[in-house]
Amino acid sequence: MTPRSKKVVFFFPSFASTEATAPLGILAVATPLLRAGYSVTLIDSTITPNFKKRVLEEVRDALCLAISLVTGPMIRETVEIARAVKSWNPEFPIILGGWHPSLLPKQTLEAPFLDIVVRGQGEDALLEVVQHLEERAPMDLVPGIGFKRDRRLFLTTERPLKPIVDLPPKAYHLADFDAYERSCGRRWAMYISSLACPFNCSYCTNAGVYGRKWNALPPEQFVEETVDLTRRYGLEMLWVVDDNFLVDLDRARLIGEGLVRAGADFKWSIQATTNLTARLMPEDVKLLRRSGLHQICQGVDSGSEKILKLMNKTFQDFDSIYESAARCLQAGIRPSFNIIFAYPGEGKRERRQTVDFMMDVCRRFPGAEFWTNIFTPYPGSPIMENARELGIQVPDSFEGWSDFFPRYTVLPWLNGREHKRLQVMRDYLRIAFDRVPIALDTRKRATRIAQKLLSFPARWRLDHDIYALPAELWVNNKLKRKSPIFKPAVDAKRLEPAVGEAAC
Ligand code: B12
Ligand code: SF4
């Protein structure tokens, strides 16, 4: 029998955002392959012109194609690429990993152009799958995967989760940071230092995959790795994508001290819950600022107590949100808050409370910023158990999930005029107060001043809930067309780039 290729091709579909940097999930699963002697090619749609042609060229001498994706528009390019590869060679193995296939392994595998899915952590699982493909061995005993045989689907036993300290380092050297910098204007990377979150918000998929067992890297490792990473690749910024960085406040403090001692020279941002941010002592926040921390992304989610209860966010109260904004800003850290509109149960009153709350925070704490989303029901989240009674049409195929995207999700209780009105209101919220995206701001001074002027009528409209004849938005669109802003290479629906969305 001829020996098989030892090359694995990775494809990362566009996530329709200007926040371009290397996909951490792929860098994570690549390391064990490289250590075992496989070669790896990474094709990221966002930075690769003619990505389809490139994939078709690269798979010719490869063992398999592996794709990473989350629920939503990334499914479109996944389908496009998988179909193209299958029409070249129907036998060529295609593996899917990441959040979507982890949460819906069976339905994903039902797609005729996919062969194998990896559920959950992929470091060990992918290596074993690749070794089995190379040896042409049956996959029945590989835990944590799904595969097809004779057109039948098989899901193997669960693979136990590994704590983050036992996971190998990410293969950052695979990332083309020059190309990412060209695409978004900044040289930055993601880094992860803890897994899971102790909470269980009802719209979030985290607990379903990581089981709320928060575990983290020791502070010394954080300091050593981040300093090395930023120096090695000349990075100006790290986004620490931990779901809830501040669970262990002592660890956070030690990280701050360690970075200051090491003379770290980069900015970093984190995601955390407001209750934990508010628990930081002012001197701790200042220490973290000195160490380079410049932004804390926090899920406020609603200005209505009723909705927060429905979201199972009783761990957070409004005092802690104000406190968190105050502490961050006193130390020079930007508090970035997320809001979810149209959560089940949100009526006119609750939406109004939320807008009032956002306006109040932004006026009292200049420098605080809000990013808004439309509620999107994700498979595996607790709220999805009520999908039927909420009237949500749950897609019955892999492709059906591609329109689940918080920028434009349409819901049974939010469609037609109501949906349009909310989108216009979100546009006004965007221009009413400043927000700082990751991608470089390339606006001219005159555009900046003109946009600042637009913020005043926008605030008036938001205060009075009046959005008819949105002249300021037309002007703003004209201004934007004149600015050489970074645009995602593939924008899901040619809408506004929405950036900075955190998990919390
Ligand atoms: C960073 C991040 C982003 C970044 C992505 C930047 C980038 N260049 O990749 C940005 C800001 C763009 C983003 C956007 C969104 N995100 Co996001 N994001 C994250 C976050 C915080 C970290 C992801 C990460 O890198 N983790 C670290 C790596 C190491 O873990 P990982 O990716 O899970 O990979 C592991 C496994 O999944 C698996 N794996 C991953 N890929 C592959 C591939 C193969 C072949 C194999 C075998 C295995 C495998 O093995 C890896 C190692 O164990 C996660 C939360 C989280 N805890 O993961 C949310 C998360 C992935 N995002 C989520 C969501 C909902 C969104 C948005 C819809 C938010 C929004 N409001 O718009 C958009 C969707 C954009 C899109 N693609 O369509 C959800 C996804 C839920 C779902 N059902 O898919 C998550 C899980 C947050 C949550 N708790 O709900 N996001
Ligand atoms: S939304 Fe944030 S705080 Fe809530 S469970 Fe998910 S990761 Fe934790």
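Residues numbered from 1 in each chain as written. Chains lettered and ligands numbered in written order. Predicted model: local features only at pLDDT ≥ 70, side-chain atom pairs only at ≥ 80, totals over all residues. Heavy atoms only, no water.

Trainee: Help me understand the overall build of the protein, please; the structure alone is not making it clear to me.
Mentor: A count of helices and strands for the protein gives 19 helices and 15 strands. Reported as C-alpha extents along the three principal axes, the dimensions of the protein are approximately 75 × 55 × 45 Å. Within the protein, the proportion of its 504 residues that are buried is 60%. For the protein, restricting intrachain contacts to residue pairs at least 6 apart in sequence, the fraction spanning at least 24 positions comes to 76%. Of the accessible surface of the protein, which amounts to about 21900 Å², a share of 53% is contributed by carbon and sulfur atoms. (Helix = DSSP H or I, 4+ residues; strand = E, 2+ residues; numbered from the N terminus. Buried < 20%, exposed > 50% of the residue type's maximum accessible area, 1.4 Å probe, protein only. Contact = heavy atoms within 4.5 Å. Areas by Shrake-Rupley, 256 points an atom, 1.4 Å probe, with all protein chains shown as cover.)

Trainee: Looking at this model, I keep getting lost on the pattern of salt bridges. Mind explaining?
Mentor: Oppositely charged side chains are able to pair whenever their charged atoms sit close together. By the definition in use, this model includes 35 salt bridges. Among the ionic pairs, Asp-140 bridges to Arg-149, the shortest N-O distance being 2.8 Å. The residue Glu-350 makes a salt bridge to Lys-306 at a minimum N-O spacing of 3.2 Å. Note that Glu-350 is positioned in helix 15 (residues 348-364) and Lys-306 in helix 13 (residues 305-310), a separation of 44 residues in sequence. Classification of Glu-350 by relative accessible area gives buried; the value is 8%. Among the charged side chains, a network of salt bridges with common partners joins Lys-7, Arg-54, Glu-58 and Asp-61. (Salt bridge = Lys/Arg side-chain N within 4 Å of Asp/Glu carboxyl O.)

Trainee: Just checking my understanding: could you explain a positive patch on the surface for this structure?
Mentor: On the surface, a cluster of positive charge is contributed by Lys-444, Lys-478, Arg-481 and Lys-482. Looking at the element boundaries, Lys-478 is found in helix 19 (residues 471-482). Residue classification places Lys-478 among the exposed residues on the basis of a relative accessible area of 58%. (Patch = residues over 30% accessible without salt bridge, like charges linked within 9 Å, V, L, I, M, F, W, Y side chains within 5 Å. Lys, Arg positive; Asp, Glu negative; His and termini not counted. Charge placed at Lys NZ, Arg CZ, Asp CG, Glu CD.)

Trainee: For this particular structure, what's the right way to read the sheet that holds strand 3 (residues 64-68)?
Mentor: What links the strands of a sheet is backbone hydrogen bonding, and the strands pair in either a parallel or an antiparallel sense. With respect to topology, seven strands assemble into an open sheet ordered 2-1-3-4-5-6-7, the strand pairing being mixed. The open sheet is flanked by strand 2 (39-44) and strand 7 (152-155), the only strands paired with a single partner. Direction aside, neighbouring strands of the sheet carry axes that sit 20° apart on average. With four bridges joining them, strand 3 and strand 4 (residues 94-97) adopt parallel strand pairing. Directly across from Ala-66, in strand 4, lies its bridge partner Ile-95. Helix 1 (residues 24-35) rests against strand 1 (7-12), strand 2 and strand 3 of the sheet, and its axis sits at about 180° to strand 1. (Pairing = 2+ DSSP bridges. Axes fitted to C-alpha atoms, helices over the stretch in contact; angles between N-to-C directions.)

Trainee: Sorry, what's going on with the packing of helix 1 against helix 6 (residues 123-135) here?
Mentor: Geometrically, a packed helix pair is captured by the angle between its two axes and the distance between the axes. Running from N to C, helix 1 and helix 6 cross one another at 50°; their axes reach a closest spacing of 8 Å. Overall, the two elements helix 1 and helix 6 adopt an arrangement that is oblique. As helix 1 packs across helix 6, the resulting crossing turns out to be right-handed. Every residue of helix 6 that contacts helix 1 at Ala-28, Val-29, Pro-32 and Leu-33 is listed here: Glu-123, Leu-126, Leu-127 and Val-130. By residue class, the composition of the contact of helix 1 with helix 6 is seven nonpolar, no polar and one charged. (Parallel < 35°, antiparallel > 145°, perpendicular 65-115°, else oblique. Left-handed = near helix turned anticlockwise from the far one by under 90°. Nonpolar A, V, L, I, M, F, W, Y, C, P; charged D, E, K, R; others polar.)

Trainee: Teacher, can you tell me more about the packing of helix 12 (residues 282-290) against helix 14 (residues 318-331) here?
Mentor: Taken N-terminus to C-terminus, the directions of helix 12 and helix 14 make an angle of 50°; their axes are 9 Å apart at the nearest point. Here helix 12 is positioned oblique relative to helix 14, judged by the angle of their axes. The interaxial crossing formed by helix 12 with helix 14 has right-handed handedness. Judged by residue contacts, Pro-282, Val-285, Lys-286 and Arg-289 of helix 12 engage Arg-327, Cys-328 and Ala-331 from helix 14. Class assignment of the residues belonging to the contact of helix 12 with helix 14 gives a composition of four nonpolar, no polar and three charged.

Trainee: Whenever I open this one, the site of ligand 1 confuses me. Can you help?
Mentor: By nearness alone, 40 residues border ligand 1, and Phe-15, Ser-68, Thr-71, Glu-123 and Asp-243 come closest of all. Separating a nitrogen atom of ligand 1 from a backbone N or O atom of Thr-21 is a distance of 3.4 Å. Going through the elements one at a time, helix 1, strand 3, helix 4 (99-103) and helix 6 are the ones with two or more residues in the shell around ligand 1. When residues of the shell around ligand 1 are assigned to their parent elements, the largest contribution, four residues, is made by helix 1. Each residue belonging to the shell around ligand 1 can be placed in one class, and the counts come to 23 nonpolar, 13 polar and four charged. (Near = heavy atom within 4 Å. Polar contact = N/O pair within 3.5 Å; in protein donor to acceptor, adjacent residues only side chain to side chain.)

Trainee: What is the right way to look at the packing of aromatic side chains in this model?
Mentor: To describe a pair of aromatic rings, one takes the distance between the centres and the angle between the planes. Overall, the coordinates contain 22 aromatic pairs when judged by the stated rule. Judged by centre distance (5.2 Å) and plane angle (15°), the ring pair of Phe-147 and Phe-154 falls under stacked. No difference in accessibility class separates Phe-147 from Phe-154, as the two residues are buried. Each member of the aromatic cluster is reached from another via a ring pair, and the members are Tyr-191, Phe-222, Phe-245 and Trp-268. The ring of Tyr-38 carries Lys-6 above its face, with NZ or CZ at 4.3 Å from the centroid. A cation over a ring is seen here: Arg-149 above Phe-154, with NZ or CZ 4.8 Å from the ring centre. (Phe/Tyr/Trp six-rings, centres within 6.5 Å; stacked < 30°, edge-to-face > 60°. Lys NZ or Arg CZ within 6 Å of the ring centre and 35° of its normal.)

Trainee: Looking at this structure, how should I read helix 17 (residues 416-432)?
Mentor: An α-helical turn contains 3.6 residues, so a residue and the one three or four places further along point in the same direction. An ideal rise of 1.5 Å per residue puts 24 Å on 17 residues; helix 17 measures up with 25 Å between its terminal C-alpha atoms. The secondary structure elements touched by the buried residues of helix 17 are strand 14 (334-341), helix 15, strand 15 (369-374), helix 18 (445-464) and helix 19. (Expected span 1.5 Å × (residues − 1).)

Trainee: Looking at this structure, how should I read the sheet that holds strand 15?
Mentor: Reading across from one edge, 8-11-12-13-14-15 is the order of the six strands in this open sheet, with parallel pairing throughout. If you trace the sheet from one side to the other, it starts and ends with strand 8 (188-191) and strand 15, each paired once. Averaged over all neighbouring strand pairs, the angle between strand axes comes to 20°, with direction disregarded. Across three bridges, strand 11 (residues 237-240) lies against strand 12 (residues 267-271) in parallel orientation. Residue Trp-239 lies in a different strand from strand 12, and its bridge partner there is Ser-269. Set on the sheet, helix 15 makes contact with strand 13 (293-301), strand 14 and strand 15; between it and strand 14 the angle comes to about 170°.

Trainee: Explanation requested: helix 6 in the structure shown.
Mentor: Counted at 1.5 Å a residue, the expected span for helix 6 with its 13 residues is 18 Å, and the 19 Å between its end C-alpha atoms agrees. Here the buried face of helix 6 lies against strand 1, helix 1, strand 3, strand 4, strand 5 (116-118) and strand 6 (145-149). Two residues or fewer after helix 6 comes Arg-136, characterised by a positive phi angle close to 55°.

Trainee: Would you take a moment to explain the pairing of strand 15 for this structure?
Mentor: Two faces make up the sheet, and in a regular strand the side chains alternate between them. The buried count for strand 15 comes to six of six residues, which makes it a mostly enclosed element. Here strand 15 shows two buried faces, one formed by Glu-369, Trp-371 and Asn-373 and the other by Phe-370, Thr-372 and Ile-374. Judged from the six bridges that link them, strand 14 and strand 15 form a sheet pairing that is parallel. Following the sheet pairing, Phe-341 is matched in strand 15 by Ile-374.

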